[in-house]
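Each chain, letter by letter, is given below.
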Amino acid sequence: MSLRRRLLGRRPLRARLALVTSVAVAVVALGVLAAAYVVIRYELVRQLDLQLKQQATLIAQQSRTEPAGVLYGECTWLAAPACAQTVRADPAAPRQDGLVLPVTGATRRVAAGTLGEHYSNITLDGHAMRMLTTPVKGDRALQVAVRSDTVDKGVRQAGLLLAAVGGGGVLLAAGLGYFASRTSLRPVTRLTATAEHIAATRDPAHRIELAPYEARRDDEITSLATSFNTMLGELEEAVAAQRRLVADASHELRTPLTALRTNAELLARAERLTPAQRERAAGALGRQLREVTGLVNDLIELARDEEPQQFVEEVRLDRLAERCTADARGHWPGTVFTADLAGPEGVTVPGVPARLARLLSNLLDNAAKFSPPGGRVEVHLARTGSGLDLTVRDHGPGIAAEDLPYVFDRFYRSRQARALPGSGLGLAMARQIARAHGAELTAEQAPAGGALFRLRFPLPGPLPGEPPARTPAR
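The structure reproduced in this document is the subject of the present report. This is a predicted model, so every value here is computed, not measured.

A short note on a nonpolar patch on the surface
Together, Leu 19, Val 23 and Val 27 make up an exposed nonpolar region whose accessible area comes to about 240 Å². Within the fold, Leu 19 resides in helix H2 (residues 13-62). The partly exposed category is assigned to Leu 19, whose relative accessible area is 31%.

Structure below.
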């Protein structure tokens with residue numbers, strides 16, 4: 001197992017984030033401090049070298065006529081110049097005995113002019129010294145040295161100070177990293193607690209509470225908390241809708257099931273009934289069975305809350321509306337159905353023909369149910385801008401203003417509809433089918449009375465007056 005995995009593998013996200021942040025800041029801080037140490041050491045040594053250079057120049061000017069030998073011999077002094085001597089290229093030359101600074105072959109070459117000046121570090125009588133060897137006139141080499149232990153001491157002190165600062169910086173980085181990770185991940189901690197609370201109580205009404213300053217931040221963690229709250233809102237709404245559906249379904253099923261049980265019990269005592277009574281009971285039982293079957297089928301489709309995946313094809317909406325209108329005439333012989341479908345002839349929409357036929361049938365049945373005897377239901381198909389509008393209008397009592405927002409809700413029935421047959425699911429199913437096809441279904445009050453339902457399909461095809469871009473499949 002690698003070191004990285006051992007350090008980060010089983011630690012919580014907060015600790016890992018704090019550790020990574022602290023290590024990154026520590027590496028940068030230590031790098032900066034190391035660079036500062038190198039610069040300080042270089043500058044101190046460079047100042048000492050400049051001092052030696054100035055002393056060598058001054059001594060060379062003062063000792064042009066003096067013979068080779070020791071010029072200043074107090075090498076342990078801290079004052080400058082502390083230690084200086086001139087050296088001949090020939091070791092056998094006079095005044096080459098008793099020199100206080102070490103003389104090497106490089107020193108002789110400098111005196112002979114074959115090597116340039118250079119600096120070196122030496123140790124004399126237990127003291128660290130910095131020495132400059134430079135050529136002077138008369139085939140001589142001038143050696144000037146000063147104690148460098150003060151510089152070394154300054155470098156050590158600077159190193160210790162920088163190390164202390166670096167250690168403090170690392171500890172500060174660790175503290176700030178932990179604080180930053182704790183503050184930044186606080187919504188994540190709340191998200192975890194909220195998820196655990198919802199899992200334990202099955203109550204999606206709980207939310208992640210964000211402080212005002214946290215809600216104002218525009219970062220990924222805040223966006224995650226906001227998205228989670230939005231998801232919880234959608235989940236709560238879905239759970240509430242499911243509960244309403246179950247409650248409404250149980251309410252709607254209670255009456256027909258009670259009637260079924262009554263008729264079944266009545267037929268169980270058929271020997272006590274006359275033939276006419278048995279026929280009426282059997283007919284009522286059959287009608288109630290069909291009603292319950294239709295209601296259950298509608299509930300199954302609506303409970304999916306989405307359309308099943310079926311084969312989509314190009315549908316001629318004018319032909320589909322004409323066929324649905326003809327079927328409605330057979331189902332409602334007391335209602336007059338008129339269809340004006342010649343406008344956008346040949347224009348198609350992508351969809352599932354059976355589902356679109358169910359949508360139109362629900363609209364036509366709803367219009368006929370609210371029409372007076374001999375009333376007229378008008379079906380009109382027209383192209384408006386980039387859309388295709390199919391309207392179904394009746395001449396009944398219309399939709400009251402307080403009912404308009406709820407006509408597509410499941411099981412919703414206005415006061416006028418409560419005395420009429422039906423379960424209140426037809427319009428809800430129609431809107432679900434419309435949304436699955438990318439269409440919009442709306443209801444409004446017709447200008448001269450009655451209700452008008454408008455089904456609008458977005459149509460990215462050619463503009464009005466241009467030939468259709470798609471070939472109809474039906």
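What to know about the sheet that holds strand S4 (residues 127-136)
Backbone-to-backbone hydrogen bonds pair the strands of a sheet. The strands run either parallel or antiparallel. As summarised here, the arrangement of the five strands in space is S1-S2-S5-S4-S3, forming an open sheet in which the pairing is antiparallel. At either margin of the open sheet sits one strand with a lone partner, and together these are strand S1 (69-72) and strand S3 (118-124). Here the average twist between neighbouring strands, direction ignored, is 25°. Examined bridge by bridge, S1 and strand S2 (residues 83-88) share three bridges and lie antiparallel to one another. Note that in S2 the partner of Tyr 72 across the bridge is Ala 84.

Focus on the packing of helix H9 (residues 317-331) against helix H10 (residues 353-369)
Relative to each other, H9 and H10 sit at 50°, their axes nearing to 10 Å. Overall, the two elements H9 and H10 adopt an arrangement that is oblique. In this structure, H9 crosses over H10, and the sense of that crossing is right-handed. On H10, the residues touching Leu 320, Ala 321, Cys 324, Thr 325 and Ala 328 of H9 are Pro 353, Leu 356, Ala 357, Leu 360, Ser 361 and Leu 364. Tallied by class, residues from the contact of H9 with H10 come to nine nonpolar, two polar and no charged.

Some words on empty space enclosed by the protein
According to the stated counting rule, one finds two cavities of 30 Å³ or more in the structure shown. Estimated volume of the second largest cavity: approximately 40 Å³. Forming the boundary of the second largest cavity are Ala 321, Cys 324, Thr 325, Leu 360, Leu 364, Val 379 and Val 392. For the lining of the second largest cavity, the secondary-structure elements that each account for two or more residues are H9 and H10. Residues of the lining of the second largest cavity, tallied by class, amount to six nonpolar, one polar and no charged.

Examining the pairing of strand S9 (residues 376-384)
Pairing analysis gives five bridges linking strand S7 (residues 336-340) to S9, with the strands arranged parallel. Paired with Thr 338 across the strands is Glu 378, a residue of S9. Pairing of S9 with strand S10 (residues 387-393) involves seven bridges; the strand directions are antiparallel. Bridged to His 380 within S10 is Thr 391. Counted along the chain from S9 to the antiparallel partner S10, the turn is two residues long, and its residue Gly 385 has a positive phi close to 60°.

Some words on the pattern of salt bridges
Summed over the entire model, instances satisfying the criterion amount to nine salt bridges. A salt bridge links Lys 53 to Glu 117, with the shortest nitrogen-to-oxygen separation between them at 2.8 Å. A residue pair is termed long-range when its members are at least 10 positions apart, and Lys 53 in helix H2 and Glu 117 in the loop between helix H3 (105-112) and S3 qualify at 64 residues. The exposure class assigned to Glu 117 is partly exposed, which follows from its relative accessible area of 35%. With its nearest N and O atoms 3.5 Å apart, the salt bridge here joins Asp 389 to Arg 454. On the criterion of sequence distance, the pair formed by Asp 389 in strand S10 and Arg 454 in strand S12 (residues 451-458) is long-range, its members being 65 residues apart.

Focus on the pairing of S4
In terms of burial, S4 is largely enclosed, as seven of its 10 residues are buried. In textbook terms, the turn of a hairpin is the stretch between consecutive antiparallel strands, and for S3 and S4 this stretch comprises two residues, one of which, Asp 125, has a positive phi near 55°. By the bridge criterion, eight bridges tie S4 to strand S5 (residues 140-147) in an arrangement that is antiparallel. Looking at S5, one finds that Thr 133 is bridged to Gln 143. Two successive antiparallel strands, S4 and S5, enclose a turn made up of three residues, where Gly 138 displays a positive phi of approximately 90°.

Some words on the packing of H10 against helix H11 (residues 426-436)
Across the interface, H10 lies against H11 with an axial gap of 9 Å and an inter-helix angle of 145°. You can see that H10 and H11 cross each other, and the crossing is left-handed. Judged by residue contacts, Arg 355, Leu 356, Arg 358, Leu 359, Asn 362, Leu 363 and Asn 366 of H10 engage Gly 426, Leu 427, Met 429, Ala 430, Ile 433 and Ala 434 from H11. Among the residues making up the contact of H10 with H11, the classes are represented as eight nonpolar, three polar and two charged.

Each value, and the rule that gives it
Residue numbers restart at each chain and count upward from 1, following the sequence in its written direction. Local features in this predicted model are restricted to residues of pLDDT 70 or higher, and side-chain atom pairs are both shown and tallied only at a pLDDT of 80 or more, whereas totals for entire chains, interfaces and linings draw on every residue. To get the side-chain values, all heavy atoms of the structure are used, and hydrogens and water are removed first. Residues enter patches when their relative accessible area tops 30% and they take part in no salt bridge; the joining distance is 9 Å for like charges and 5 Å for the nonpolar side chains Val, Leu, Ile, Met, Phe, Trp and Tyr. Working definition of accessibility: Shrake-Rupley area with a 1.4 Å probe, residue cover restricted to the visible protein chains. One speaks of a salt bridge when a side-chain nitrogen belonging to Lys or Arg is within 4 Å of a carboxyl oxygen belonging to Asp or Glu. Strands here mean DSSP runs of E at least two residues long; helices mean DSSP runs of H or I at least four residues long; both are numbered from the N terminus. Exposed residues in this analysis have more than 50% of their type's maximum accessible area, buried residues have under 20%, and partly exposed residues fall in between, with area computed by a 1.4 Å probe over protein chains only. Here, strands pair whenever DSSP counts at least two bridges between them. Simply put, an axis is a line fit to the C-alpha atoms, just over the touching stretch for a helix, and the angle between two N-to-C directions goes from 0 to 180 degrees. Each angle is binned into one of four classes, with values under 35 degrees roughly parallel, values over 145 roughly antiparallel, values of 65 to 115 roughly perpendicular, and all other values oblique. By convention the crossing between two helices is left-handed if the near helix lies anticlockwise of the far one by an angle smaller than a right angle, and right-handed if it lies clockwise. Contacts are residue-level and defined by heavy atoms, with any inter-residue pair within 4.5 Å sufficient. Polar here means any residue outside two lists: the nonpolar Ala, Val, Leu, Ile, Met, Phe, Trp, Tyr, Cys and Pro, and the charged Asp, Glu, Lys and Arg; Gly therefore counts as polar. A 1.4 Å probe that fits but cannot get out identifies a cavity on a 1 Å grid over protein atoms alone, an open set with protein on both sides within 12 Å along at least five of seven lines counts as a pocket, and a residue lines either if it has an atom within 4 Å of a point. Grid points are joined across faces, edges and corners, and a volume is the space filled by probe spheres set on the points.

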